[in-house]
Every structure is written in C-alpha cells, then in structure tokens.
Amino acid sequence: MADTFKIIGEAKRRVDGRGKVTGKAKFAEDYNVAHQLWGTVVRSSHPHALIKRIDVSRAVALDGVDALDGVEAVLTAKDIPGSKVFGIVVKNQQILAEDRVRYLGDGIVLIAARTRTIAETARELVAIEYELLPVVSDPEEALKPGAPAIHGTTNEFVHHHVQRGNPAKGFAEADVIIEKKFRTQFIEHSYIEPEAVLAEPAEQGGVKITGSVQNLFSSRRSVAAALNLDLSHVQIVQSTLGGSFGGKDEVMTSLCCRAALLAMKTGRPVKMVNTREESMLESYKRHPYVLYYKWGAKRDGSITAMEAKCIADGGAYASMSPFVTWRSVVQATGPYECANVRTDVYAAYTNNNYTGAMRGFGSPQVNFAIESMMDELAERVGMTPLEIRLKNGFETGSVTATGQRLTHVVSLKEVLTKTASAVDFETKWRKFRGEQSSEVKRGIGLACSYRGVSLGAEGVDAAETIVSVQTDGSVIVSSGITDMGQGAQTQMSQIVSEVLGISMERIQFLNTNTNRVADSGPTVASRGTVMGGSAAKNAAESVRTTLLEIGAQMMSVASDDLDLVSDYLVRRSSGERLASFAELTAACFNAGKPMIGLGWHKSPKTSWDEHAGQGEAYFTFVYGANAAEVEVDTGTGKVSVVDFVSCHDVGRAINRAMVQGQMYGGVAMGLGYGLLEEFDFEDGVPKQLNFDEYLIPTAVDVPRIKAIIVENPDPAGPFGAKSVGEPTNELAAPAIVNAIYNATGKRITEIPATLERVLLGHKLTRQGKRGSEQKEAIGDSCKVGRESR
C-alpha cells in the first residue's frame, strides 16, 4: 500500500474531543430514563468481623413524603440467585457479604427507592450486629505463622519466582555486595469521575447496563453468573469515561452486579452513583510493596548476582494481584545483564482495601528499587549513574532474567544517551554532588526501564475491531478495546484512515458494547494500540481489498495499479483521480459486495513455566528513560522538580501529540507517586476519603517536561507501533529520588519522599549518623509526620 496519505504520525485531533470540550459527551451519571429507581449500598462498619444479624425491617417500611416515594427493594446476599462471588483470577470477592466482612468497603445490603434521598435515609435504618475479628493490616505480619487468616488457612495467595543461574556463586565472585530494603505506598487512582451505572431490565429478558466500565466483558461474565443468565442476555454499554488509570475494573463489576440485581428484582431501571467518599472507601488501590534487594558486582561495575524478595499487600481480595505480581517478578531485575538471578514475589491478604490494576501494573514498585540500587552500585564502584547503566544495560540479543533472548531492536542505550544528552546529565551530576553552600540544593537523577508489551503469558491476548463502510463513504468503527481517555479511539481511527486513504472526518467511532463486538479481553497493559490497532488494520485492509477489486472492474484497470489516497480512488502509475471514495463505495454496494471488515488480532506466541520461573514472557518490550532535576530546600524538606526529560521508544507514534500527552501525564502522575501521594490506613481504616486530604500534584507542581519520542518500528504492532501509556508513569519516582540523593547525599528508601523523610534524612546525613540508629530515627519521624498530617 502506498504511503502518499501520511496520516500515521500526524497530530490529529481526538475523535472524542469535540463532545468533551462542548459538554455534549455523556458520562455515566448523565444517563437517566423514565421510572428509574435509585440504588445504594449499606457497607461494613468494621474492617474485619462476622455478621451475626441483619435487620432491614425499618428500611423496608420507610415511606417518603409521598406514599409513592418509598423503598422498592431491600436485598442481601441471600437474594442473589446465582454466584455470590466474582473474580478474574480467584473468585472470592463478595458482591454482598453474607457472613463475614473483610474490609470497610464490603457491601452488605442493597436498597432501591424512588428517590436518592429516600434510599440514603433507608440505608441509615439498617441494623447490623457484628462479632469483631482481629484486624491484619501489615502484609509481612499477615504472612507470619499464627496470623489471623482472611481467607482459608493462610494469607499467602501468590508466590511467583524467577530462577536463573547460581546466585550463591555470583555473590561469591562479587567484589561489592549491596543490600537494601524499600517500601512503596497505597495509591488512589484519582479519576475525576466516580463510579456510576444505570441497569435496565431488557425487553426480551435479561439486563442492559450502561456505565463507566473499563473492562466490559469480564463485568458481563460476573453479572451473568450472579443472575444465572446467559452472556447473550447481559448487555453492557460503555459510557464516556472520566478517567480510569486501571481503576474501573472490579469496583465497577461489583456496582454492575448490584444495580442489575436491583433492576431484576424490581423490574425497573436502577441507577447507582458513588460519592467521592464512597469511591475512595470501596475502590481498590495500587499495591504497596516491601522490597528486599541484594546485588553483587565486580569492581568494574558488572553485575554478578541479583536477589529480590517482594511482598505485596493484596488487601481483602485477590483481584488482579496474581497478574500484577507476575509482571513484577518478570521485570524485578530491570533491563540489566545478569547470569545469576533469584526473585520471589508474594502477595498477602490483609484487611486493607484490596489492590489491583493501576497504571504501571507492578512495574513502578520494582523500578523504584531497581533504579535506586543502580545508583547505589554506581557510587560503590566509582562510576556515574549513566556509565553503570550503559555498562550493564540490555542490547539486541541480550537474555533476560527469565531466559528470553531479545531479538527485536533493544533501544535501552539509545533512550539513555538521548535523555542524558538532553539535560547535560554527566556535567550536572558531577557539579551537584559536590558541596553546595546554599540551603536550597540542586540535584539530578536518572532512571530507565524495560516493559513487556500487552498481556504476555498471563493468558489469551486477542481483540476485535469492526470497520463498516457506509454507502455514502462514511465509516463506522467499533472495537472491543475501550477508550477511557487514553485515546484508543483516535489511534484506531488514524489506522483505519491510513489504510482506506480517507480523512478522519469520515469516521464515527462507537463506544464499546458487548452486544456489538467480540470479547476482546481487558483494556489493560497498554494493549489498546498494539492489539485493537492491529485488529483495526486487519479489518480496514479487508474492506480495502474489496474496494480495490470493485474499482478495478469500474475502471478496467489492474487492481495493483490502484490506490486509495486523500478520499479518492487513484491510479498509481499516473496519480490520476478516477473516482471519489463515496462513488467507489456506492458502486461496491450496487455490486452487492460487503463493505464490512471484521478484524481479529491474536498476539504472537509467549510462554511461561511457573515451576522453573522461566519463559518467553512477552512478545516484545518497550524501553524508556527519565531524568529529573530537583531543588531540595534542606531547611524545610520541600522538593521542587524544576526540569524533566521523558524519553520513550514507542515503536512508531501513531499520533505524536497524543504520545506526548501520555508522556506529560505519566510524568505528572509519577511525580505524585514519588513525592506526594499516599493512601494511609490505620488498622484497616482509611485516613483520607477525599481530595482535601489525599494530595495529588497540581499544575504548579508539574515542571518543564521535554518529551523525546524514539521510533524503532516493531513488526508486532500496527505500522510498527508498540505501547506508551504505562511506561511513561513508571520512571519519574526513581529519577526524582535519585536526584534527591545527588543533591543531599541521602538515599530515600520509602516513597513518597515527604517533607519529613527528606528533611530528617538530610539532617542525619549531615550529622554523620549511620546504621540502625539512622533507620530507627527515620521510621519514628515518618510515623510522626503521618500523624501530624
């Protein structure tokens, strides 16, 4: 196909942009129908308890000001006709708790009423008697013998490992051995739109649900199982989403099930909308990790052995922990050569909010530890952070810790050198690490990573996109990949536009509907472009073939001398325009030829041996590097990020402006992870339930960001594209922490790097305190700091 119409790579306007900026986009809460009821849920009063008695009599009897405004239904777990639990990997999450609550977000009773006020009033009239159980809130404590079990007989529900070579031999050969302990925190997704759904009894039986759902097909399976319905009788339609970042999966499945139960019970539409407080109370968070790292190296900086033990707080339910921690174990030693590796990653149940998918999906936690260790190693062997990474970094042909040989273009050293050059890293790093007399000190930090593209060996990885050309030359596209604001619809539209040689204005992209497209798996793992885009390309190419065949018949010209360019059928040899795209599609219709393409794409083969901890984990990888320049006020502990470079190899940029937007947004979110955000618990009770206390970066916190797009097209993706959404979020925190070290000489091992941690760390370093005394002082200060906030 000729590339005369070069739409790939152009900064085209988002196809969903007009509706959003004019206010015409319909978010889930905007959907209303006649005779709808309002649903609400009574949640647990305790993070861990047995349910001894539920009394709903006063709620059932409640009437409104008008006799018709009363309560229409009150349901408990006993009223669920089918499965009472759901889960993508482990089915143990309760739609409604029946005999035991495991965290404060557990729902116990559902209420439907004519008005929201009546529903919320009735909620306060439900009386529940509990028998309190011991609360487990620390994952390491949860794994100890004798700890109260949240499920079954043990709190350990995940253990992945990677084993390569002989780590003991590698440590024996090392001249330098470094051991560190790191901690990361719970993170709230902070999407601007809380969860909302509208469930309606369907005309022919079953239920239709419209809502802010990220993974429609997994939610549909759970609703069908709960209601004892066939999948064909559960329709879920995606409304425009006001953000997700991985956060509208299981929490939305739960809401879909609850609304559907009420709708089927009452025979009426039921709307449910979480307040911000309800959302933060119930929704899952990013996993906090405790990470123990031990590395050995030669004096020349070459790494001889790596060991890592990571413990993830899985919270009350399994959710996506098995998959999140699997990505962690695959990538836990970073993009570095090492022949001797042992990594163990565990997940433990606690009575905290359950944890699941969030942008980065198990990478931000391990990258913080890996990139901190690399800077530690550089200092120990007398190298710069850039030198140590270039010495040990992957190249094409390298073998990963899981035994996978990298046969694609490995651009790690390219992104590193381009990042370092953009900020004059070596010069500044040497300058800042010297004595700075000012109380406000400058520092610069570097971090890099590799990341497996799409789902990898987690499971079946396939998607469908449908391209339907209309008789007037307009085009309708729909896909099983959802757009949550990340731009998937625009990317796929550009791909279709490129293949069909038409302007994007001709394309109408429909939101995902489970009754229109095939189950395409979850929209996670930055797989929107590589999977949905590949399917879109396949679908458009199918239609293109038909159109060119008809064009050849119309013009008595060989089809291989025809092309579709700029909304016209043209002759390749002369460039002559032979017919408009609309004329061609009308002729195709009149010839009785189909103008619909059903594009299906299955990922290349991957493999995993869980017993050996080895395998071809992902079909390709992406590479990125970040550099952060900071100012640290050693009098107050305040860290200001003043300059930033984000460099990523995306394979090929389908839409350069959107790739840059992902890079800017990823840095901003990563800045929050490194410096500000922390969802705190005390004995299973959340300490922040709104944004007045949960801190996220604002516009004034975001520095200058230079986005560098590197393109090494990969045959695994459409037009060589790979992924960018998550990689941009996983490096800012370690780059910032390394910059703080460059400025102050203090290694931050627990994020976020709050005022207290930075300030105390600087003072202790200046005073020359070392060892356990320093660690204890830091721990005490952090505790005081959290309490003071």
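Predicted model, so just to flag it, every value in this text is computed and none were measured.

> I keep staring at the sheet that holds strand S8 (residues 127-132) and nothing clicks. Help me out?
Across the sheet, three strands lie side by side as S6-S2-S8; this open sheet has antiparallel pairing. Two strands lie at the open edges of the sheet, namely strand S6 (100-101) and S8, each paired on one side alone. The pairing of strand S2 (residues 49-55) with S6 spans two bridges and is classified as antiparallel. Within the sheet, the bridge partner assigned to Ala49 lies in S6 and is Val101.

> Would you take a moment to explain helix H11 (residues 385-392) for this structure?
The α-helix advances 3.6 residues per turn, and as a result positions three or four apart in sequence lie on the same side. Of the residues making up H11, those classed as buried are Pro385, Leu386, Ile388, Arg389 and Asn392. Looking straight down H11, one finds that the buried residues subtend no more than 165° of arc, so they occupy a single side. The inward-facing, buried residues of H11 abut strand S16 (303-315), helix H10 (363-381), helix H12 (412-423), helix H13 (425-432), strand S18 (440-452) and helix H18 (732-744).

> Can you walk me through the packing of aromatic side chains in this structure?
The way to describe two aromatic rings as a pair is by their centre distance and the angle between their planes. Counting across every chain of the model gives 17 aromatic pairs. Through a chain of ring-to-ring contacts, the aromatic side chains of Trp326, Phe394, Tyr450, Trp608, Tyr618 and Phe621 assemble into a single cluster. A cation over an aromatic ring shows up here: Lys285 above the ring of Phe679, its NZ or CZ 4.3 Å from the ring centre. When the ring centre of Tyr741 is taken as reference, the NZ or CZ atom of Arg747 above it lies at 4.5 Å.

> I keep staring at unusual backbone geometry and nothing clicks. Help me out?
One can expect most non-glycine residues to show negative phi and most peptide bonds to be in trans. In this chain, Ile751 is followed by Pro752 through a cis amide linkage whose omega measures 10°. For Pro752, the location among the structural elements is in the loop between H18 and helix H19 (755-767). A positive phi angle is found at Asn228, which is not glycine, with a value near 60°. Judged by relative accessible area, Asn228 falls into the exposed class, the value being 55%. Residues other than glycine seldom take positive phi values, yet Ser556 does so here, at roughly 55°. By the element assignment, Ser556 lies in the loop between helix H15 (528-555) and strand S22 (562-565). For Ser556, a relative accessible area of 71% puts it in the exposed group.

> Could you clarify how one ought to interpret the sheet that holds strand S15 (residues 289-297) in this entry?
Strand pairing in a sheet relies on backbone hydrogen bonds, with the paired strands running either antiparallel or parallel. Ordered by their spatial adjacency, five strands build an open sheet running S9-S17-S16-S15-S10, and the pairing between neighbours is mixed. Each edge of the sheet is formed by a strand with only one pairing partner; in this case those strands are strand S9 (156-164) and strand S10 (176-183). Along the sheet, successive strands turn relative to each other by an average axial angle of 5°, direction set aside. Direction of pairing for S15 relative to S16: antiparallel, over a ladder of nine bridges. Following the sheet pairing, Lys294 is matched in S16 by Glu307. Its contacts with the sheet place helix H9 (residues 321-331) against S9, S15, S16 and strand S17 (341-349), and it is angled at close to 20° to S9.

> Can you walk me through the packing of helix H6 (residues 216-227) against helix H7 (residues 250-266) in this structure?
Two numbers describe a pair of packed helices, the interaxial angle and the distance between the axes. The N-to-C vectors of H6 and H7 enclose an angle of 40°; their axes lie 9 Å apart at closest approach. Helix-helix and strand crossings are classified by hand; for H6 and H7 the assignment is right-handed. Contacts from Ser219, Ser222, Val223, Ala226 and Leu227 in H6 reach Met252, Thr253, Cys256, Cys257, Ala260, Leu261 and Met264 in H7. A per-class count over the contact of H6 with H7 returns nine nonpolar, three polar and no charged.

> Help me out: how do you make sense of the environment of Gly666 in this one?
Within the secondary structure, Gly666 is located in helix H17 (residues 656-675). The buried category is assigned to Gly666, whose relative accessible area is 0%. On a C-alpha basis, the gap between Gly666 and Ile708 in space is 13 Å, while along the polypeptide they are 42 residues apart. Setting aside its immediate chain neighbours within four residues, Gly666 contacts Arg359, Thr728 and Asn729.

> Even after reading the chapter, I still don't get the nonpolar core, so can you show me in this structure?
For soluble globular proteins, the rule of thumb is that nonpolar side chains tend to be buried together. Residues Tyr293, Trp295, Ile736 and Ile740 are the most contacted members of the largest nonpolar core, which totals 106 residues. With nine residues, H10 is the largest single contributor of residues to this core. If near-sequence neighbours (up to four positions away) are discounted, Ile736 is found in contact with Ala628, Val630, Val641, Phe644, Leu671 and Leu675. Core analysis: the next-biggest nonpolar cluster, separate from the first, contains 41 residues, Val41, Ala73, Ala224 and Ala226 among them.

> Looking at this structure, I do not really get the pairing of strand S27 (residues 639-649). What am I missing?
Each regular strand shows side chains that alternate between the opposite faces of the sheet. Burial within S27 is extensive, with ten of its eleven residues counted as buried. Examined bridge by bridge, strand S26 (residues 621-633) and S27 share ten bridges and lie antiparallel to one another. Note on S27: the bridge partner recorded for Glu631 is Ser640. Here S26 folds back onto S27, and the loop between the two strands holds five residues, one of which, Gly637, carries a positive phi near 90°.

> Explain the pattern of salt bridges to me, please; I cannot follow it from the model alone.
Close approach of charged atoms lets side chains of opposite charge pair. Within the structure shown, the criterion is met by 47 salt bridges. Among the ionic pairs, Glu141 bridges to Lys144, the shortest N-O distance being 2.8 Å. When the shortest N-O distance is used, the salt bridge between Arg757 and Glu678 registers 3.9 Å. Of this pair, Arg757 sits in helix H19 while Glu678 sits in the loop between H17 and strand S28 (681-682), and the two are 79 residues apart along the sequence. Under the relative-accessibility criterion, Arg757 is labelled buried at 6%. One salt-bridge network, in which partners are shared between bridges, spans Arg43, Arg123, Glu124, Arg258, Glu278 and Glu282.

Scoring rules and cut-offs
- Starting from 1, residues in each chain are numbered consecutively following that chain's sequence as written.
- Selection of residues for local features in this predicted model requires a pLDDT of at least 70, selection of side-chain atom pairs for listing and counting requires 80 or more, and totals for whole chains, interfaces and linings are taken over all residues.
- Excluded from the side-chain calculation are hydrogens and water; included are all heavy atoms of the structure.
- For two strands to be treated as a pair, DSSP must find no fewer than two bridges joining them.
- Helix numbering and strand numbering both begin at the N terminus, where a helix is a DSSP run of H or I of at least 4 residues and a strand a DSSP run of E of at least 2.
- Here's how the labels work: a residue is buried when its accessible area is under 20% of the maximum for its type, exposed when over 50%, partly exposed in between, all with a 1.4 Å probe on protein chains only.
- This arc corresponds to the set of directions leading from the helix axis out to the C-beta atoms.
- Residue contacts follow a heavy-atom distance rule, with two residues in contact if any of their heavy atoms lie within 4.5 Å.
- Any Phe, Tyr or Trp ring, taking Trp's six-membered ring, that has another such ring centre within 6.5 Å forms a pair; planes under 30 degrees apart are called stacked, those over 60 apart edge-to-face, and the others tilted.
- Charge-over-ring placement is defined geometrically: NZ (Lys) or CZ (Arg) within 6 Å of the ring centre, and within 35 degrees of the ring normal.
- With axes taken as lines fitted to C-alpha atoms, and helix axes fitted only over the stretch in contact, angles between N-to-C directions fall between 0 and 180 degrees.
- Crossing handedness follows the turn of the near helix against the far one: under a right angle anticlockwise gives a left-handed crossing, and clockwise gives a right-handed one.
- We call Asp, Glu, Lys and Arg charged. Ala, Val, Leu, Ile, Met, Phe, Trp, Tyr, Cys and Pro are nonpolar, and the rest, Gly among them, are polar.
- Buried Ala, Val, Leu, Ile, Met, Phe, Trp, Tyr and Cys residues that are joined via side-chain atoms within 4.5 Å together make up what is termed a nonpolar core.
- For this document, the term salt bridge refers to a Lys or Arg side-chain nitrogen within 4 Å of an Asp or Glu carboxyl oxygen.

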